[in-house]
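The lines below spell out each chain.
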Amino acid sequence: MEDRPSDLIAGLLRGKRGVVVLERVDQPLAEDLPLIREVRASLSKCLENQMMGQAGLPYPDYASYRLEDMPRLYSGCYGLGSRDLQPEALLAAAENMLPDGPQKPFFYMSVEFVH
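In what follows, the accompanying structure is described.

1. Looking at the pattern of salt bridges
Then, number 1: Under the definition given, this model contains 4 salt bridges.
Then, number 2: As a salt-bridge pair, Asp 32 and Arg 40 come within 2.8 Å of each other at their nearest N and O atoms.
Then, number 3: Classification of Arg 40 as partly exposed rests on a relative accessible area of 38%.
Then, number 4: Put simply, Glu 68 and Arg 66 hold a salt bridge, and the shortest N to O gap is 3.2 Å.
Then, number 5: By relative accessible area, which is 41% here, Arg 66 ends up partly exposed.

Below you can see the structure in the form of structure tokens.
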């Protein structure tokens, strides 16, 4: 079968400590933004493959992940109010993933919210 982006991504992310997906979209009522939702779904299929063992993989085109193979997922939203993505926002996204960083699973970039 021909490779799809989802199974290719799943193979590339195996064993990574963390992955950040940056998207120029906001869906305030959605559980996840569209791209991170697809990444999460791909990785979930990899976990399902591992759970089934050799009894017949439900997703044969996907890798099999043990829990320790799963990367920590981070999702960033940028471009709200037509603001351009600034270099310091990319640095902040990387710093967010560091062991001593805030490790927020979801964050907005290049925009300040008033409380």
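2. Overview of the packing of aromatic side chains
The geometry of an aromatic ring pair is captured by the separation of the ring centres together with the interplanar angle, meaning the angle of the planes.
Then, number 1: Inspection of the entire model under this criterion finds 2 aromatic pairs.
Then, number 2: Geometrically, the ring pair formed by Tyr 59 and Tyr 62 is edge-to-face, given 6.0 Å between the ring centres and 75° between the ring planes.
Then, number 3: Residues Phe 106 and Tyr 108 carry aromatic rings whose centres are separated by 5.0 Å and whose planes lie at 85° to one another, so their mutual orientation is edge-to-face.
Then, number 4: Take Phe 106: its relative accessible area is 35%, and that puts it in the partly exposed class.

Rules behind the numbers
Residues numbered from 1 in each chain as written. Predicted model: local features only at pLDDT ≥ 70, side-chain atom pairs only at ≥ 80, totals over all residues. Heavy atoms only, no water. Salt bridge = Lys/Arg side-chain N within 4 Å of Asp/Glu carboxyl O. Buried < 20%, exposed > 50% of the residue type's maximum accessible area, 1.4 Å probe, protein only. Phe/Tyr/Trp six-rings, centres within 6.5 Å; stacked < 30°, edge-to-face > 60°.

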